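# Structural description and commentary
Chain residues, written in single-letter form:
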Amino acid sequence: MTVAVTPATQVDRSAGVTAPAGFRAAGVIAGIKPAGTPDLTVVVNDGPYDVAAGVFTTNKVKAAPVLWSQQVLTAGKLKAVVLNSGGANACTGPEGFQDTHKTAEKLASVLGVGAAEIGVCSTGLIGERLPMDQLIPGIETAVGALGATTGHDLSAATAVMTTDNVPKLGALRHPDGWSIGGFAKGAGMCAPNMATMLSVITTDAVLDQPHLDHALRNAVAKTFNRLDVDGGTSTNDTVLLLSSGASGVTVTPEAFEAALTVLAADLVKQLQADAEGVTKHVSITVQGAATEAEALAAAKVVAEDNLCKTAFFASDPNWGRIAMAVGNAPTAFDPSLLDITLNGAAICVAGGKGVDRSEADLSGLEIDVLIDLHAGPASATVLTTDLSHAYVEENSAYSS
């Protein structure tokens, strides 16, 4: 997941989806959320190209907007995306899909394009119909606000938030004259194969659809799919990538994928930092595995283990819990060779006690877990967080 940061890969967190040429965006208050906070975002691609790709949840229970966006993206094009917070529109049956269709038709009508050129995303509580009498007029409000004021990147990133505390956005301007930008939301129900996250990423680079799709899938595999807050893969996970080609600069697939991976990794770090109830930012690296898939599987088991997560919360260097979790992973290794290092302290060596626990200082915000299986050349890193009182309290009261 690590990508070298150079002057060409510096992420600007004050900019987002309108940093690339050819895009407009706005986030507004439509009245979907009872609290009266921003809850509707529109992102429009003014072209000249409308190439797009998407990656979606692997959960078998997919929300209506996921089904819709998967369907329209079979053509590999999008003119615009509309996203709402305040309701997931998941498990809402045929009526929920009709609501998504009406949402796309409304934005298409206002923009003068076809409904099949509109992506739709929703996030919020599962199982409730959306208040369409609020959402539909809100689309006109959002389109009216497109590019009309400064701060459109921030407003677009803010209106998709649910339990997020802060908006998450970033942009990267390449010295060759093209840009990439985006926003993301997500705080809980986060696991590989994405999370309760929505992300829209834009670029003005010129790249054909097959290469755009390939780059997105590779970048997501290395970034969004390596964040695991609580093991819950959501019903609504969506990452959309839109290209306007407005820079006129044709880029190589390799250069584009590298930049996309840097931007996506930065958005994921922002998601980790704002996870529900977070008090620790935990990085779990498994090295010495036979394959990357086995390394990733082992890191994921540790990331999702509640005993490990509560130990992280307590700043407790309880390496026995980590050894236990690794032993439960579908990963081949010799336990007598297992090494575990916590924040630089070799606390478990060759399957037994290493340095004294007191040498592993976990009192700070960052916890780095390095697990060496000594079973091969492959490695993988997963980002996670601790299991805190605040996480339990927030999620136990979410639907109320």
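For every chain, the first residue of the written sequence is number 1, and numbering continues from 1 onward in sequence order. Restriction of local features to residues with pLDDT of at least 70 applies here, the model being predicted, together with a cutoff of 80 or more for giving and counting side-chain atom pairs; totals for whole chains, interfaces and linings are based on all residues. As a convention, hydrogens and water are excluded, and side-chain values are obtained from all of the structure's heavy atoms.

Note the following rule: UniProt positions are given in the numbering used here, feature names are shortened, and annotations may be inferred rather than shown by experiment.
The chain appears in an unreviewed UniProt entry as Arginine biosynthesis bifunctional protein ArgJ from Kribbella pratensis. In its Function (unreviewed entry) section, the UniProt record describing the chain reads: "Catalyzes two activities which are involved in the cyclic version of arginine biosynthesis: the synthesis of N-acetylglutamate from glutamate and acetyl-CoA as the acetyl donor, and of ornithine by transacetylation between N(2)-acetylornithine and glutamate." Quoted straight from UniProt, the Sequence similarities (unreviewed entry) entry for the chain says "Belongs to the ArgJ family."

## Comments concerning the sheet that holds strand β3 (residues 51-56)
Inclusion rule: Pairs of strands are assigned from DSSP output, requiring at least two bridges between the strands. Numbering of helices and strands runs from the N terminus; a helix is a DSSP stretch of H or I covering at least four residues, while a strand is a stretch of E covering at least two. Simply put, an axis is a line fit to the C-alpha atoms, just over the touching stretch for a helix, and the angle between two N-to-C directions goes from 0 to 180 degrees. Between two residues, a contact is recorded if the distance between any of their heavy atoms is within 4.5 Å.
Pairing is mixed in the open sheet, where 5 strands are placed in the order β3-β9-β8-β7-β6. Among the strands making up the open sheet, the edge pair consists of β3 and β6 (168-173). Neighbour-to-neighbour, the strand axes of this sheet turn through a mean angle of 10°, independent of strand direction. As judged from the 6 bridges shared by strand β8 (residues 198-203) and strand β9 (residues 238-243), these two strands associate in the parallel manner. Bridge pairing links L198 to T238 in β9. Against the sheet, helix α5 (residues 209-222) makes contact with β3 and β9, and its axis sits at roughly 30° relative to β3, the strand it touches most.

## Re the pairing of strand β15 (residues 378-385)
Definition in use: When accessible area is computed with a 1.4 Å probe and restricted to protein chains, residues below 20% of their type maximum are described as buried, those above 50% as exposed, and intermediate ones as partly exposed.
Judged by how many residues are buried, β15 sits mostly within the fold: 7 of 8 residues are covered. Where strand β10 (residues 281-289) and β15 come together, 7 bridges link them in antiparallel fashion. Bridging across to β15, A289 finds its partner in A378.

## Comments concerning the environment of T141
Here T141 lies in helix α3 (residues 132-144). Given the relative accessible area of 42%, T141 is considered partly exposed. A sequence separation of 132 residues divides T141 from A273, and the C-alpha atoms of the two residues are 32 Å apart.

## Overview of helix α8 (residues 306-313)
How we decide: Regarding the arc, it is the one traced by the directions from the helix axis to the C-beta atoms. We define a polar contact as two N or O atoms separated by no more than 3.5 Å, with the added condition that, inside protein, one atom must be a possible hydrogen donor and the other a possible acceptor, whereas residues neighbouring each other in sequence contribute only through side-chain atom pairs.
When we look at burial in α8, the residues that qualify are C308, K309, A311 and F312. Burial along α8 is one-sided: seen end-on, the buried residues are contained in an arc of 160°. Each element contacted by the buried residues of α8 is listed here: β10, α7 (292-304), α9 (319-327), β14 (366-372) and β15. Capping the start of α8 is the job of one residue whose side-chain oxygen sits 3.0 Å from the backbone nitrogen of L307: D305. Immediately beyond the C-terminal end of α8, within one or two residues, lies S315, with a positive phi of roughly 55°.

## A short note on the sheet that holds strand β1 (residues 23-28)
The 4 strands are arranged β1-β2-β4-β5 in an open sheet whose pairing can be described as mixed. In the strand order of this sheet, the two ends are held by β1 and β5 (118-123), each with one partner. When the angles between neighbouring strand axes are averaged without regard to direction, this sheet yields 10°. Pairing of strand β2 (residues 40-45) with strand β4 (residues 80-85) involves 5 bridges; the strand directions are antiparallel. Directly across from V43, in β4, lies its bridge partner V81.

## A word on the side chain of K280
The line we're drawing: In this tally, Lys and Arg are treated as positive and Asp and Glu as negative; His is ignored, and so are the chain termini. Counted as salt bridges are all cases of a side-chain nitrogen of Lys or Arg within 4 Å of a carboxyl oxygen of Asp or Glu.
The topology assignment puts K280 in the loop between α6 (253-273) and β10. Lacking a salt bridge, the buried K280 has D386 as its closest oppositely charged neighbour, with an N-O distance of 6.9 Å. A polar side-chain atom of K280 sits 2.7 Å from the main-chain carbonyl oxygen of L362. Here G364 takes part through its backbone oxygen, which lies 2.8 Å from a polar atom of the side chain of K280. Every residue in contact with K280, bar those within four places of it in the chain, is listed here: F312, F313, S315, L362, S363, G364, L365, I367, T384, T385 and D386.

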